[in-house]
Amino acid sequence: MRDAPELVLDAEEREMLAGAAGGAAHLAMELIVEMAKVARATRLVPVRSAHIDGCLYHGSVGLDFAERLAREGGRVRVPTTLNVSSLDLLHPELVRLEPTTRQYARRLMAAYEAMGCRPTWTCAPYQLPERPAFGEHVAWAESNAIVFANSVLGARTERYGDFIDICAALTGRVPFAGLHRNDERGARLIVRLMGVAPEAWVHDEAYALLGHALGRLAGDRVPAVVGLPTSTTEDQLKALGAAAASSGSVALCHVVGVTPEAPTLEACLAADGSQAELEIGPGLLRAAWQELSNAVDGQPLAAVSLGTPHLSLAEWQRLQPLLEATDIAPGLTLYVSTARHVAADIEARGQAATLHRPGVQLVVDTCTYITPIITAPPGATVMTNSAKWAWYTPANLGLRVAFGTLEDCLRSAAHGRVLRRPPAWLDG
């Protein structure tokens, strides 16, 4: 085994490591230093912001860690947002947790707020007005936020998970390794879209299917996708990235002619020229359509879940007229998950009445594939237009899932059963 390279710290970093900035910063810097050694980094890099995934309650270890940091005076050094929690604080009656678990989840949220984190409670921090600039180093956790920051914004973050995310926020440092480095951001997989009908790329669901297929093929490699239109929107890139980060471990995806580091294919390739190439066509998209559903068409439908990742204002503008024109079937609930700041925007536009129609339930601060909100027995069928939601829900909640277009979801909600058909563009 090669000797680890020497890690050189600056004066401020050495002071934190020595405990001069308090116990919480000392512990956080110790963990950052150990992570740097594992990554074989020779230095740390300052970050401009952080996004924390560890505020979602998974057990006592996470609570103990956060409360220890808060008790020892931990205060974040950079602007820090918070991912979804285990509670919906605006609609507390929705979350069906036991009282003790609910108490622990609330304590965890309070501990992160006590350290100066901003209570945004969203998995889509890129929808907030303050976003990382191109080339800016950040420490973001949550898989879809990571791939969006790297790909769409051109910011730089590695895959930061629980514990390390708050350590980065408390120290303002991360190892200079992985996707923080120029030489790690080049594509090593070229993906060419072949034979897909051009009209497919008008539909957000096509990007979700592409992302699912891409994640399965790319794993943790950086891909460059060739063939998407230059009109591709941020929400479509969100659907692509969230799916690719779920079915695979994609943390950066270049889309040639669309994302900022890929004006051309040559501009985004790894310098050593070690790229593999493959094609994605209608067959793989159709396979993704089939893999994301384990429910049978025509089955009774218990619920519909929209907004994973959290619904943007632009997505709401697409949903709102469809929702207004739909009478939800008796006994069925259509859940709309979004961030509280988006919900406030909807309210300010005078459109919130649509979210209070019979059968419609707004969810904020959390996500329905993680938290027990959906009131359906095990094995019941729920429909979604989110590849990420469809991928995780069967294992997380024990429910059957039907993946479909947004229009299919609304039509099925009106009839109380799964009504969907493969879009014509899946045939090429």
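One can find the structure itself at the top, above this paragraph.
Since this is a predicted model, take the numbers as computed values, not measurements.

Trainee: What am I meant to see in empty space enclosed by the protein here?
Mentor: As enumerated under the stated definition, the model contains 1 cavity of 30 Å³ or more in all. Within the residue set of the lining of the largest cavity, elements represented by two or more residues are α5 (143-153) and α8 (234-247). Among the residues making up the lining of the largest cavity, the classes are represented as 8 nonpolar, 4 polar and 1 charged.

Trainee: Would you explain helix α6 (residues 164-171) in this entry?
Mentor: Every α-helical turn comprises 3.6 residues, leaving residues that sit three or four positions apart pointing alike. Counting buried positions along α6 yields 8 of 8 residues, so the element is predominantly enclosed. All of the buried residues in α6 are I164, D165, I166, C167, A168, A169, L170 and T171. Positive backbone phi, at 70°, marks G172, one or two positions downstream of α6.

Trainee: Which parts of the structure should I look at to understand the packing of α5 against α8?
Mentor: For any two helices packed against each other, the geometry is given by the interaxial angle and the distance between the axes. Running from N to C, α5 and α8 cross one another at 125°; their axes reach a closest spacing of 8 Å. In terms of orientation, α5 lies oblique with respect to α8. Seen along the crossing, α5 lies across α8 with a hand that is right-handed. Residues S143, N144, V147, F148 and V152 of α5 touch α8, and the partners they reach there are E234, L237, K238, G241, A242 and A245. Of the residues belonging to the contact of α5 with α8, the class tally is 6 nonpolar, 3 polar and 2 charged.

Trainee: I would appreciate a short explanation of helix α2 (residues 23-38) in the present structure.
Mentor: For α2, built from 16 residues, the straight-helix expectation of 22 Å at 1.5 Å per residue is met to within 8% by its first-to-last C-alpha distance of 23 Å. Among the residues making up α2, those that are buried are A24, A25, L27, A28, M29, I32, V33 and A36. The elements touched by buried residues of α2 are α1 (11-18), β1 (44-46), α3 (60-71), α6 and β5 (173-175). Phi turns positive, to about 60°, at R40, one or two residues after α2.

Trainee: Help me out: how do you make sense of the layout of surface pockets in this one?
Mentor: Rolling a probe over the atoms, with the probe sized like a water molecule, indicates the empty space that remains. Estimates place the volume of the largest pocket at around 400 Å³. Around the largest pocket, the lining is made up of 26 residues, and of these D204, A239, E315, R318 and N385 lie nearest the centre. Within the residue set of the lining of the largest pocket, elements represented by two or more residues are α7 (204-218), α8, β10 (303-311), α11 (313-324), α13 (387-397) and α14 (406-415). Looking at the lining of the largest pocket residue by residue, the class counts come to 12 nonpolar, 6 polar and 8 charged. The wall of the second largest pocket is formed by 18 residues, among which D53, E142, S143, Y369 and K388 lie closest to the centre. Among the elements of the structure, α5 and α13 are those that each provide at least two residues to the lining of the second largest pocket. A total of 3 residues in the lining of the second largest pocket trace back to one element, the largest contributor, which is α13. Residues that form the lining of the second largest pocket fall into these classes: 10 nonpolar, 5 polar and 3 charged.

Definitions and cut-offs
Residues numbered from 1 in each chain as written. Predicted model: local features only at pLDDT ≥ 70, side-chain atom pairs only at ≥ 80, totals over all residues. Heavy atoms only, no water. 1 Å grid on protein atoms, 1.4 Å probe; cavity = no way out; pocket = protein on both sides within 12 Å on 5 of 7 lines; lining within 4 Å. Points joined across faces, edges and corners; volume = space filled by probe spheres on them. Helix = DSSP H or I, 4+ residues; strand = E, 2+ residues; numbered from the N terminus. Nonpolar A, V, L, I, M, F, W, Y, C, P; charged D, E, K, R; others polar. Buried < 20%, exposed > 50% of the residue type's maximum accessible area, 1.4 Å probe, protein only. Axes fitted to C-alpha atoms, helices over the stretch in contact; angles between N-to-C directions. Parallel < 35°, antiparallel > 145°, perpendicular 65-115°, else oblique. Left-handed = near helix turned anticlockwise from the far one by under 90°. Contact = heavy atoms within 4.5 Å. Expected span 1.5 Å × (residues − 1).

Just distances and angles here, no functional claims.
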